[in-house]
Number of protein chains: 2
Amino acid sequence: MQAIDKDWTKTEKKIAQVAFQKAYEQEVSALMKDVKDKINHISDLEDLWRLHDYLSARRHDIDGKYDYRYSVLIFVFSQLVREGWLSLADLEGLEPAKQKKVAALARM
Amino acid sequence: MQAIDKDWTKTEKKIAQVAFQKAYEQEVSALMKDVKDKINHISDLEDLWRLHDYLSARRHDIDGKYDYRYSVLIFVFSQLVREGWLSLADLEGLEPAKQKKVAALARM
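Everything numeric here is computed off the predicted structure, so don't read it as measured data.

**Brief notes about the overall build of chain A**
Scanning chain A for helices and strands turns up four helices and zero strands. Counted from the first residue to the last, chain A has its helices and strands arranged as α-α-α-α. Computed over the C-alpha atoms, the radius of gyration of chain A is 17 Å, more than 25% above the 13 Å expected from 2.2 N^0.38 for a compact globule of 108 residues. Overall size of chain A, expressed as C-alpha extent along the three principal axes, is 55 × 25 × 25 Å. For chain A, the proportion of its 108 residues judged to be buried stands at 42%.

Structure representation (structure tokens):
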């Protein structure tokens, strides 16, 4: 059973949006830093194409991951918690059942 | 009529290899510098994906262009001259007919 729009209260939506945005900004900022570090260590074309491959993978990952639909948000949050871009504390205020699901999925 | 291996003397092959390598090194070096400049001006994810698109295009271009087969070398050199990675002077020592072909194709 998937959560849909009406399963989220106005307050929960607000909390979800803030958490989502926070994770996105943290991940993007870390990626920028990472790319700038990597570029300093590039010495030949092979290194540059390796950076290109890395960007291809990160773009695919980020484009797919940040999907703000209420039907998939529990899964999105669990992945973000698992990867360290969000903590469970960021989701406080969501109904306990949602927090519990995120926590359980994040451990998988 | 395409030039093939036996149409190139040993001396010409040596000149061609040096010219090919020179163009490759110049283009790669310019690309590296360009990417390092671009990375300093990246401020958001959209800029980063624009850099990724740029690298995809350059990789495709470079992978396709540097084709050291004697059957296509006249065309490769003409493109490199047109783009400024080689000068006609780099091809001095090739038989005049080859130099003339490269020069004519480079103007197209």
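**Here's the deal with the packing of helix α3 (residues 73-83) of chain A against helix α4 (residues 96-106) of chain A**
Residues and elements named next belong to chain A. Orientation of α3 relative to α4, taken along the N-to-C sense of each, is 50°, at an axis distance of 8 Å. It follows that α3 is oblique to α4 by the angle criterion. The crossing of α3 and α4 is right-handed. Within the contact between the two elements, α3 uses Ile74, Phe75, Phe77, Ser78, Val81 and Arg82 and α4 uses Lys98, Lys101, Val102, Leu105 and Ala106. The class makeup of the residues in the contact of α3 with α4 is seven nonpolar, one polar and three charged.

**Thoughts on the pattern of salt bridges**
All chains considered together, the criterion is met by 26 salt bridges over all chains. Across the pair Glu95 of chain A and Lys98 of chain A runs a salt bridge whose closest N-O atoms are separated by 2.9 Å. Linking Arg58 of chain B and Glu27 of chain B is a salt bridge whose minimum nitrogen-to-oxygen distance equals 2.8 Å. Within this pair, whereas Arg58 of chain B is found in helix α2 (residues 45-65), its partner Glu27 of chain B is found in helix α1 (residues 10-40), the two being separated by 31 residues in sequence. Taking relative accessible area as the criterion, Arg58 of chain B reaches 15% and is therefore assigned buried. A network of salt bridges, in which partner residues are shared, links Glu27, Arg58, Asp61, Lys65 and Glu83 of chain A.

**Focus on the interface of chain B and chain A**
Counting residues at the interface gives 22 residues for chain B and 21 residues for chain A. Taking both partners together, chain B and chain A bury about 2,000 Å²; carbon and sulfur atoms supply 74% of that area. On the chain B side of the interface with chain A, the three residues burying the most area are Trp49, His52 and Arg59 of chain B, jointly 32% of the side's total. Across the chain B-chain A interface, the total number found is two salt bridges.

**A word on α1 of chain B**
Compared with the 45 Å implied by 1.5 Å per residue over 31 residues, the 46 Å span of α1 of chain B between its first and last C-alpha is a close match. Every buried residue of α1 of chain B is listed here: Glu12, Ile15, Ala16, Ala19, Phe20, Ala23, Glu27, Val28, Leu31, Met32, Val35 and Ile39 of chain B. On the buried face of α1 of chain B, the contacting elements are α1 (10-40) and α2 (45-65) of chain A together with α2, α3 (73-82) and α4 (96-106) of chain B.

**Topic: the relation of the copies chain B and chain A**
Taken as rigid bodies, chain B and chain A are interconverted by a rotation of 180° and an axial shift of 0.0 Å, the fit giving an RMSD of 0.0 Å. Read as a symmetry element, the transformation amounts to a two-fold axis. For chain B, the residue whose C-alpha comes nearest the rotation axis is His52 of chain B, separated from it by 3.3 Å. Taken together, the interface assignments show that 95% of the residues at the interface of chain B recur at the interface of chain A, consistent with an identical surface on both copies.

**Things to note about α2 of chain A**
All names here are of chain A. In a regular helix each residue adds 1.5 Å, so 21 residues correspond to 30 Å; α2 covers 30 Å between its end C-alpha atoms and thus fits that length. Turning to α2, its buried residues are Leu45, Asp47, Leu48, Trp49, Leu51, His52, Leu55, Arg58, Arg59, Ile62 and Lys65. The opening residue of α2, the one whose side-chain oxygen lies 3.2 Å from the backbone nitrogen of Glu46, is Asp44.

**Brief notes about the packing of aromatic side chains**
Residues and elements named next belong to chain A. One pass over the full model with this rule turns up 10 aromatic pairs over all chains. For the ring pair Tyr24 and Tyr66, a centre distance of 5.1 Å and an interplane angle of 80° mean the geometry is edge-to-face. Taken together, the residues Tyr24 in helix α1 and Tyr66 in the loop between α2 and α3 connect sequence positions 42 residues apart. By relative accessible area, Tyr24 is classed as partly exposed at 26%. The positively charged end of Lys13 is found above the aromatic ring belonging to Tyr70, 5.2 Å away from the centroid. The ring of Trp8 carries the charged tip of Lys98 above its face, separated from the ring centre by 4.8 Å.

Analysis parameters
- Residues numbered from 1 in each chain as written.
- Chains lettered and ligands numbered in written order.
- Predicted model: local features only at pLDDT ≥ 70, side-chain atom pairs only at ≥ 80, totals over all residues.
- Heavy atoms only, no water.
- Helix = DSSP H or I, 4+ residues; strand = E, 2+ residues; numbered from the N terminus.
- Rg over C-alpha atoms; globule rule 2.2 N^0.38 Å.
- Buried < 20%, exposed > 50% of the residue type's maximum accessible area, 1.4 Å probe, protein only.
- Axes fitted to C-alpha atoms, helices over the stretch in contact; angles between N-to-C directions.
- Parallel < 35°, antiparallel > 145°, perpendicular 65-115°, else oblique.
- Left-handed = near helix turned anticlockwise from the far one by under 90°.
- Contact = heavy atoms within 4.5 Å.
- Nonpolar A, V, L, I, M, F, W, Y, C, P; charged D, E, K, R; others polar.
- Salt bridge = Lys/Arg side-chain N within 4 Å of Asp/Glu carboxyl O.
- Buried area = accessible area lost by both parts, 1.4 Å probe.
- Expected span 1.5 Å × (residues − 1).
- Least-squares fit on C-alpha atoms with pLDDT ≥ 70 in both.
- Polar contact = N/O pair within 3.5 Å; in protein donor to acceptor, adjacent residues only side chain to side chain.
- Phe/Tyr/Trp six-rings, centres within 6.5 Å; stacked < 30°, edge-to-face > 60°.
- Lys NZ or Arg CZ within 6 Å of the ring centre and 35° of its normal.

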